[in-house]
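Given next are the chains, with one letter for each unit.
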Number of protein chains: 2
Amino acid sequence: MDFQNLTFIFVFYTYRTKYAMTETNNQYNPSLSVDCVIFGFDSKQLKILLVERSGPYQTNPQLKLPGSLVLKNTKLEVYANQVLKELTGLNEIYLKQFYTFGNPDRIKTPEDIEWIENTYQVTIERVVSISYYSLVKIDQYNLNLSEESYHAKWYNISDIHELAFDHMEIMKKGLEALRQELIYNPLICFELLPEKFSLRELQDTYESIQGIEYDNRNFRKKIGKAKYIIQLNEKQLGVAHKPALLYKFDKEQYQTNRLELIKFFI
Amino acid sequence: MDFQNLTFIFVFYTYRTKYAMTETNNQYNPSLSVDCVIFGFDSKQLKILLVERSGPYQTNPQLKLPGSLVLKNTKLEVYANQVLKELTGLNEIYLKQFYTFGNPDRIKTPEDIEWIENTYQVTIERVVSISYYSLVKIDQYNLNLSEESYHAKWYNISDIHELAFDHMEIMKKGLEALRQELIYNPLICFELLPEKFSLRELQDTYESIQGIEYDNRNFRKKIGKAKYIIQLNEKQLGVAHKPALLYKFDKEQYQTNRLELIKFFI
DNA sequence: ACAAAAGTGTTGTCAATACACCCATGC
DNA sequence: GCATGGGTGTATTGACAACACTTTTGT
């Protein structure tokens, strides 16, 4: 392909859409976006879901957090849920607003600005990102649909060193917020685990979120005290070692014992 | 004064400014506001600083949180600091973003919409409020300047039952966030207290934020362990009872002992 | 039999709680 | 001298951290 030519097409495209925008009553608010740090856990490592930023003029396709400018007159939470629904096919996922990023220069490279303006057909000045994190059970569904349309894929947190826009900063702050919340709210572990899980998986969840290791015996002592973690009469199958007992989470117990738990896992 | 006449003037005024807005390049972003829940402590009760929403057409002057639409190309934190500077005369106040309120219908009454549009000379659709709380020492300055221009006054938290817009909700969430932070970060007490304070004042600060009472002896035992709280060779003066010893806060000690403190005051 | 992970107990230290009386000062 | 809030000690309980070996399964 002829590179001179490609450049020309690109510039033309950019100007066309900018022009179109000023004439129409665009449905996107050019100042507001919602971005989602979607955490998942595959019984080994903490992962996040990223999408590819794509377009005809892109020199470096780059990874970004799933998110979007918000439609006028749509609730932010509802919109964040839509993003999740499209990517994961799931409704009613755990969703928590953790921070809003609004520096005027957070989107500053010409490539970044053009990508947004072309994608949404708006002229932007400052885009404020209201950021949410959410928790999903990786095993519970497949990403086939969204892999086709958005190239959404899970990445190990430790492998991510660069993201488009300021999404690296957003991801880091989201992880911090998750760590903070886990201290108060053990509930969130069960959003990441399958229905039936072993205590080792639960411990791995804690460890991969907090980035530290817990003493195995002390951890189990604590779990033993939590009335909302129920032992089942089932064991792991097909493992090449002593199979672990499986447990489930009892939401009713959890609700009634909520108060005693606040100080629980520090 | 003739009420018919007043109404007419009001309507005219509203339309004029709306028209003006579409023609000019207004400096305010009509989608973004910053609101501040400014906490203060007068050695007895937790208070917040409120301003009067005023205008020529107001039937019920109402109290609101200090805040404003943000100027295009101004950092949110910088803008929140400006609001504080204008009201309190102080720079470098403790400031923390705690939540963003963005429901499309959070500003819905005609009076609310008109007040904003007239005050800032913009047409609004949805206004997202990025909300901060801040902590100031009430004794350390006077509010004379801002009392004149904004009618800013301190109100006891327990006396506030109604605020303009959705500011009651914002205030409640700000108080919750403050309570949460106090658990991790005893530092914030010292943002509310004068340089020299008694242990009773420190305990009152905790109690008025958390809304619960602490056992006086146990509280002092904890303080005794905190190396960053320094006893002075001074006593209260002019009190009609045994005068309390005064203490100060040692910021250097605090920084170095930061890690051991994370679990401190639960 | 071996590899691999599951599962189990004890001890010492320290923090959290509950609880009631004397002390120093101003008036 | 009395009213007011400041200031102190002890005993119990329970949580937390440190630490290493045996058990059960698949291959």
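Structure's up top.
So, how was this worked out
- Residues numbered from 1 in each chain as written.
- Chains lettered and ligands numbered in written order.
- Predicted model: local features only at pLDDT ≥ 70, side-chain atom pairs only at ≥ 80, totals over all residues.
- Heavy atoms only, no water.
- Near = heavy atom within 4 Å.
- Polar contact = N/O pair within 3.5 Å; in protein donor to acceptor, adjacent residues only side chain to side chain.
- Helix = DSSP H or I, 4+ residues; strand = E, 2+ residues; numbered from the N terminus.
- Phe/Tyr/Trp six-rings, centres within 6.5 Å; stacked < 30°, edge-to-face > 60°.
- Buried < 20%, exposed > 50% of the residue type's maximum accessible area, 1.4 Å probe, protein only.
- Lys NZ or Arg CZ within 6 Å of the ring centre and 35° of its normal.
- Contact = heavy atoms within 4.5 Å.
- Buried area = accessible area lost by both parts, 1.4 Å probe.
- Salt bridge = Lys/Arg side-chain N within 4 Å of Asp/Glu carboxyl O.
- Nonpolar A, V, L, I, M, F, W, Y, C, P; charged D, E, K, R; others polar.

(A) Expanded view of the protein's contact with DNA strand C. Of all residues adjacent to DNA strand C, which total 21 residues, the nearest are K221(A), L245(A), R217(B), V239(B) and P243(B). Backbone atoms, meaning sugar and phosphate, form 43% of the atoms of DNA strand C found within 4 Å of the protein. K221(A) has a polar side-chain atom sitting 2.8 Å from a base oxygen of DNA strand C. K242(B) places a polar main-chain atom, nitrogen or oxygen, 3.1 Å from a base nitrogen of DNA strand C. Listed by contribution, the elements that provide at least two residues to the surface near DNA strand C are helix 8 (216-225) of chain A together with helix 8 (216-225) of chain B.

(B) View of the packing of aromatic side chains. All chains considered together, the criterion is met by 29 aromatic pairs over all chains. On the numbers, 6.0 Å between centres and 85° between planes, the contact of Y206(A) with Y214(A) is edge-to-face. A relative accessible area of 2% places Y206(A) in the buried class. When the ring of Y228(B) is compared with that of F249(B), the centres are 5.7 Å apart and the planes differ by 85°; the resulting orientation is edge-to-face. Residue Y228(B) is located in the loop between helix 8 and strand 8 (229-235), and its partner F249(B) is located in strand 9 (residues 245-249); the two are separated by 21 residues in the primary sequence. A residue is classified by how much of its surface remains accessible, and Y228(B), at 1% relative accessible area, is buried. By relative accessible area, F249(B) is classed as buried at 18%. Members of the aromatic cluster, connected to one another through ring pairs, are F39(A), F98(A), Y99(A), F101(A) and Y133(A). The lysine or arginine in question, R53(A), covers the ring of F165(A), its NZ or CZ lying 4.8 Å from the ring centre. Taking the ring centre of Y99(A) as reference, the NZ or CZ of K173(A) above it sits at 3.8 Å.

(C) Representation of the interface of chain A and chain B within the structure. Contacts between chain A and chain B engage 26 residues on the former and 26 residues on the latter. With both chains or domains summed, chain A and chain B bury close to 2300 Å², and 49% of this area falls on carbon and sulfur atoms. Linking chain A to chain B there are two salt bridges. Between K72(B) and E125(A) there is a salt bridge; the shortest N-O distance is 3.8 Å. Where the side of chain A that touches chain B is concerned, the elements lending two or more residues are strand 1 (28-41), strand 4 (67-71), helix 2 (76-88), strand 5 (94-101), strand 6 (128-137) and helix 5 (167-184) of chain A. Here the side of chain A that touches chain B is built from residues that sort into 11 nonpolar, nine polar and six charged.

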